[in-house]
Amino acid sequence: MRGLKYEREASAAMLAIAGGKGGAGKTTTTLGLAAAAADRTGDGGVLAVDADVDMPNLHAMAGVETRSTDPSREADRPVGLPHPSVDRLRIVPAPRQDGGDVPARLRDLSANRVFVDCPAGAGPDAVAPMRVADAVLVVSSLCGPALRDAAKTVAMARAVGTTVVGGVLTRTRRVPDGVERLLDCPVLDTVPEAPAGTDPLLTDVVRAAYARLTNRLVDAEEL
């Protein structure tokens, strides 16, 4: 990624996955992109990080324990826990509500690439990870409230000086006219809806969509 915002170990490129509306697919997108990136990364690996202290769920979706540090390493350092089925991908669960400064924890991360699952909403907790990240990817479904909230997220990211690389629309295969104008950023890709009752990240068309989006971001030097 061109021009890292902060000095981090291993010069980790950090992408914040954000969007104002809960349930739009931020956590699925974080894990989908991280898994696809892990497939093409070398030494240093990939981290998927939960920055939502109030409603953490990335660890549960990934199938890892709810602890954020490895006791064999330095105390309180968020090194992450191995993903149960994806090599070179580690999961950093959200800290406890008394777990300290989230931005400081993010700056301490070490990996080739870092994907941050941001809280929903427009409050300070949602803005904080975007301040630290090198860039923001905005996630929305096609419903009106989600799109309007995503547009607010784009404006928030730019207000704190963080580049918005674009948006991704979930549970759809199309980009209706006017969506990019509403979001004020390009829609980089769409992620189709998984069949009812299935895990989206175990569905071939969903995984292919995230692999395609990851390749596009990497090849464009946005990640």
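Bear in mind the structure is a predicted one, so any value in this text is a computation, not a measurement.

For the protein chain, per-residue confidence averages 87 on the pLDDT scale, and residues scoring 70 or more make up 86% of the total. Confidence drops under pLDDT 50 across residues 7–11; counting only partners more than four residues distant or on other chains, this segment forms 14 contacts. Considering only residues more than four positions removed or in separate chains, one finds that residues 68–77, a stretch of pLDDT under 50, has 17 contacts.

Of all 5 residues in strand E8 (residues 187–191), 5 are buried, a share of seventy percent or more. Two strands pair when backbone bridges link them, and strand E7 (residues 163–170) and E8 are joined in this way by 4 bridges, in the parallel orientation. Note on E8: the bridge partner recorded for Leu-169 is Thr-190.

Spatially, the 8 strands line up as an open sheet ordered E3-E4-E2-E5-E1-E6-E7-E8, and their pairing is mixed. Lying at the two open borders of the sheet, with one neighbouring strand each, are strand E3 (81–82) and E8. Pairing of strand E1 (residues 13–18) with strand E6 (residues 135–140) involves 4 bridges; the strand directions are parallel. Bridge pairing in E6 links Ala-18 to Val-138.

The next subject is the environment of Leu-89. With respect to the helices, strands and loops of the structure, Leu-89 is situated in strand E4 (residues 89–92). Note on Leu-89: relative accessible area 2%, which makes it buried. On a C-alpha basis, the gap between Leu-89 and Leu-47 in space is 5.8 Å, while along the polypeptide they are 42 residues apart. Beyond its immediate stretch of four places on either side in the chain, Leu-89 contacts Ala-34, Ala-35, Ala-38, Val-46, Leu-47, Ala-48, Leu-81, Pro-82 and His-83.

Two side chains with opposite charge may pair up if their charged atoms get near one another. Here the structure, examined in full by the defined rule, presents 4 salt bridges. Note that Arg-40 and Asp-219 form a salt bridge whose closest N and O atoms lie 3.7 Å from each other. Taken together, the residues span a long stretch of sequence, with Arg-40 in the loop between helix H1 (26–38) and strand E2 (46–50) and Asp-219 in helix H7 (residues 204–219) at a distance of 179 residues. Measuring nitrogen to oxygen at the nearest pair gives 4.0 Å for the salt bridge that ties Lys-152 to Asp-149. Note that Lys-152 and Asp-149 are positioned in helix H5 (residues 144–159) at a spacing of 3 residues, about one turn of the helix. Owing to a relative accessible area of 21%, Asp-149 belongs among the partly exposed residues under this scheme.

Our next topic: the packing of H1 against H7. It is the contact of H1 with H7, at a shortest axis distance of 8 Å, that shows an interaxial angle of 65°. The angle between H1 and H7 falls in the class roughly perpendicular. Crossing geometry of H1 relative to H7 is assigned as right-handed. Along the contact surface, H1 presents Thr-28, Thr-29, Gly-32, Leu-33, Ala-36 and Ala-37, while H7 presents Tyr-210, Ala-211, Leu-213 and Thr-214. In the contact of H1 with H7, the residues fall into 6 nonpolar, 4 polar and no charged.

Glancing now at the packing of helix H4 (residues 124–132) against H5. Interaxial distance between H4 and H5 falls to 9 Å at its minimum, and their mutual angle equals 50°. Comparing the axis directions of H4 and H5 gives the class oblique. Of the two possible hands of crossing, H4 and H5 adopt the one that is right-handed. The residues of H5 that touch H4, namely those facing Ala-126, Val-127 and Met-130, are Thr-153, Met-156 and Ala-157. In terms of residue class, the contact of H4 with H5 is built from 5 nonpolar, 1 polar and no charged.

Here we come to the nonpolar core. In terms of nonpolar packing, the biggest core is built from 33 residues, with Leu-15, Leu-33, Leu-89, Ile-91, Phe-115 and Leu-137 touching the most fellow members. Other than its neighbours up to four places away in sequence, Leu-15 contacts Leu-33, Val-114, Phe-115, Val-116, Ala-135, Val-136, Leu-137, Val-165, Leu-217 and Leu-223.

Looking at the element boundaries, Lys-26 is found in helix H1. Accessibility expressed as a relative area gives 7% for Lys-26, which makes it buried. Excluding its chain neighbours within four sequence positions, the residues that come into contact with Lys-26 are Ile-17, Ala-18, Gly-19, Lys-21, Asp-117, Cys-118, Pro-119, Ala-120 and Val-139. There is a polar contact of 3.5 Å between the side chain of Lys-26 and the backbone oxygen of Lys-21.

Cut-offs used in this document
Residues numbered from 1 in each chain as written. Predicted model: local features only at pLDDT ≥ 70, side-chain atom pairs only at ≥ 80, totals over all residues. Heavy atoms only, no water. pLDDT = per-residue confidence, 0-100. Contact = heavy atoms within 4.5 Å. Buried < 20%, exposed > 50% of the residue type's maximum accessible area, 1.4 Å probe, protein only. Helix = DSSP H or I, 4+ residues; strand = E, 2+ residues; numbered from the N terminus. Pairing = 2+ DSSP bridges. Salt bridge = Lys/Arg side-chain N within 4 Å of Asp/Glu carboxyl O. Axes fitted to C-alpha atoms, helices over the stretch in contact; angles between N-to-C directions. Parallel < 35°, antiparallel > 145°, perpendicular 65-115°, else oblique. Left-handed = near helix turned anticlockwise from the far one by under 90°. Nonpolar A, V, L, I, M, F, W, Y, C, P; charged D, E, K, R; others polar. Core = buried A, V, L, I, M, F, W, Y, C linked by side-chain atoms within 4.5 Å. Polar contact = N/O pair within 3.5 Å; in protein donor to acceptor, adjacent residues only side chain to side chain.

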